[in-house]
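# Report on the structure
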Amino acid sequence: MRQLRYALLAVLMVLGLAAFAAACGGDDDGDDASSEGAPTTKDDVDLTQGQDVTIAMVTHGDGGSFWAVAKKGAEDGAKQMGVTLKYSESNNDPQKQAQMIDAAVTDKVDGLAVSAPNPDAIRDSVKKAVDAGIPVITLNSGAEDFADMGAMTHVGQTETIAGEGAGAKFKEAGAKKLLCVIHEQSNIGLNQRCDGAKTGFGGEVENLQVKGTDDISTTLTEIQSKLQSDNSIDAVLALNPDIAVAARDAVKGAGSSAKLATFDLSGDVVQAIQDGEIEFAVDQQQYLQGYLPVVFLTLNKTNANTVGGGQPVLTGPGFVTKDNAETVAQLAKDGTR
Amino acid sequence: MSTTAVQPVADERLANIGLGARLLRRPEVGSLLGALVICVFFWVTTDSFGTLSGIANWTDVASTLGIMSVAVALLMIGGEFDLSAGVMTGTTGLLMGLLTTEWGLSMWPAIVLTFVFAAGIGFLNGIMVIKTKLPSFIVTLATFFVLQGINLGVTKAITGTVRVAGLGDVPGYDSASKLFSSTLWAPHNFRISVIWWIAIAALATWVLSRTRPGNWIFAVGGDPNAARNVGVPVARVKIALFMTTSICAALVGIIVALRLSSVQAGQGVGEEFTYIIAAVVGGCLLTGGYGSAIGASFGALIVGMAFIGISFSGWNTDWRFLFLGVILLLAVLVNNLVRHRAEGARR
């Protein structure tokens, strides 16, 4: 009897998975698929093919609050343009990202948007897409390499320039020693930001490698012990909103008076800026980095438009300070800033 | 299947067991069925999964995973874990990258040195586990952290960035990448790593089922004391298994590095559990002494198919890990069900 129950459980799980998958897979065929309780039939799939434009977006994102906004931008763009979006994230694994791009090429999508934090790693896969006649746009990371990779344009900000801007703002505020918190081991862009900050700051800059967004409590402890062990640090630059919130608590916990700034926004960060706990945020407006590539690629497909004229399309840097925080606050709550 | 009646005979070991039950009792059958279920599911629900290019995509993902899963399965049958297996793929890739791009070696000598280095690390892991008698879980966790720190620290100290790039310009790159990272069958581009995977799985299966060391592996994992008492060189077998795992990690590290023509300092971190999962889905027991290399390969195939299948489906990626979790649980359940029934038939 126990075996029978096992079998029943397995069957139920298959059905449940199938129904769930169909429901999440597409809004248009969700209803009839779940009522059948079986995998979607071949007809459903064929019906949606051909009349739709499908855009694939493959990022190195980690599902954190930064990428959630970029993803929302892409989804909103797809909804407004009436196209299908296939969004996937590699969580900073270049091999996985290359494999996801390969999958998109096999899937014969109509446009491909990729982030390129490590251009060498995905060059071959992007080339395959270009060779297959799929228009490519890079986003977020890859401003230096997009043309080389055969992409139409790049949508993002240049890391070095944004870093310089942040460093200069700290210098204005009179800080002497800056701690730059790096939260992803293998993202070149983060190091470029810190290097830029060093140029703009002029004073002493120290980089600190922390655990990252998937282990905030350890990250907090790491920053706090750094501040406690070196009290000459009077400025902290976080490179991600989740890390910024951890850094804010770490500054408080260490009893330090260091000024804090961050790259990128979240609801919490905007609140902290309004409360005066964070001085400013460098905003690269990642909503645009999701939204614009979908729009550009759709226009390229339907209207043969090319955007950028061989130059990157810059989405930042913009600065969010106490002055404009309130406007941004509401938007951040909606998940678009 | 459960109706296969066993004739009452004097000695149950001599009982005549039906072919079906004998097949079902193999450790890998459950993962094969699991793989079939997932394959059919994605084949039916997506357009690209069943095309040759689609198959090339998911065998690509499964191949590097599969090479490691087979090695980890052998180690687990031998009763040990290696948590440093994931980060080793990064360490070895970085070592090869640094040897070539920073210290001017050409590709082939660097590859040989990398394999030697990996064997050394595997030896260290093994000797530490044997000498300290600590659980390998703890010892290799320490190795894992040490290597993760070295990967980042050394890479940054030497290159000033967090990756080693420019492998494509090193002399010998073309011939090395032909062997390790080229593609076959032009329009579909199957990865050559798939061939490596199949070869290693076949070799491991032959060793396990046809050779004396294979028997030793099952023996040391099943009961090390009993094995020692009948003259099995337990320490040597375990050390050799750790070395095999590290050498396979070097192979994967080299394959990935040559493919991406660059290595990131964070490469491979977190993958060690995927290897163990693939091995367990493939029928390896966490307690050692039971399992199969083919099963681990099917386990890797399941992970690869789920990964690419989800990409093709365009499912909301927020749910990716839920899907992966459910799919893995499903595979393990099917596996368990089949084995229960097969063993039920024996009694």
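Residues numbered from 1 in each chain as written. Chains lettered and ligands numbered in written order. Predicted model: local features only at pLDDT ≥ 70, side-chain atom pairs only at ≥ 80, totals over all residues.

## Section: the overall build of chain B
Along the backbone of chain B there are 14 helices and 4 strands. Expected size for 347 residues packed as a compact globule is a radius of gyration near 20 Å; at 21 Å, chain B falls within 12% of this value. Expressed along its principal axes, the backbone C-alpha trace of chain B runs to roughly 70 × 55 × 35 Å. Expressed as a percentage of the 347 residues in chain B, the buried residues total 56%. Counted over contacts in chain B with a minimum sequence separation of 6, partners at least 24 positions apart contribute 79%. (Helix = DSSP H or I, 4+ residues; strand = E, 2+ residues; numbered from the N terminus. Rg over C-alpha atoms; globule rule 2.2 N^0.38 Å. Buried ≥ 20, exposed ≤ 12 C-beta atoms within 10 Å, placed from the backbone. Contact = placed C-beta atoms within 7 Å.)

## A word on the overall build of chain A
Check the secondary structure of chain A and you find 13 helices and 12 strands. Once local pairs closer than 6 in sequence are excluded, the contacts in chain A between residues at least 24 apart make up 70%.

## Regarding the sheet that holds strand β11 (residues 313–314) of chain A
The pairing of strands in a sheet happens through backbone hydrogen bonds and is either parallel or antiparallel. Residue and element names in this part refer to chain A. What the 6 strands build is an open sheet, ordered β2-β1-β3-β4-β5-β11; its pairing is parallel. Edge positions in the sheet fall to β2 (84–89) and β11, since each has one partner strand and no second. In the packing of helix α4 (residues 65–81) onto the sheet, contacts are made with β1 (54–59) and β2, and the angle to β2 comes to roughly 165 degrees. (Pairing = 2+ DSSP bridges. Axes fitted to C-alpha atoms, helices over the stretch in contact; angles between N-to-C directions.)

## What about the sheet that holds strand β7 (residues 204–209) of chain A?
All names here are of chain A. Spatially, β7-β6-β8-β9-β10-β12 is the arrangement adopted by the 6 strands of the open sheet, whose pairing is mixed. Edge positions in the open sheet fall to β7 and β12 (318–320), since each of these has one partner strand only. Taking each pair of neighbouring strands and ignoring which way they run, the sheet shows an average axis angle of 20 degrees. Direction of pairing for strand β9 (residues 259–263) relative to strand β10 (residues 280–283): parallel, over a ladder of 3 bridges.

## A look at helix α8 (residues 193–210) of chain B
Residues and elements named next belong to chain B. Look at α8: 25 Å from first C-alpha to last across 18 residues, which is about the 26 Å you get at 1.5 Å a residue. For α8, the set of buried residues is S193, V194, W196, W197, I200, A201, A204 and L208. Along α8, the residues classed as buried sweep out an arc of 155 degrees about the axis, all on the same side. In α8, the exposed positions angled more than 90 degrees off the buried face are occupied by I195, A199, L203, W206 and R210. (Expected span 1.5 Å × (residues − 1). Arc of directions from axis to C-beta.)

## Regarding the confidence of the model for chain A
Here chain A averages 85 in pLDDT, and 85% of its residues register 70 or above. Every residue in residues 21–50 of chain A scores below 50 in pLDDT, and together they form 35 contacts with partners more than four places removed in sequence or on other chains. (pLDDT = per-residue confidence, 0-100.)

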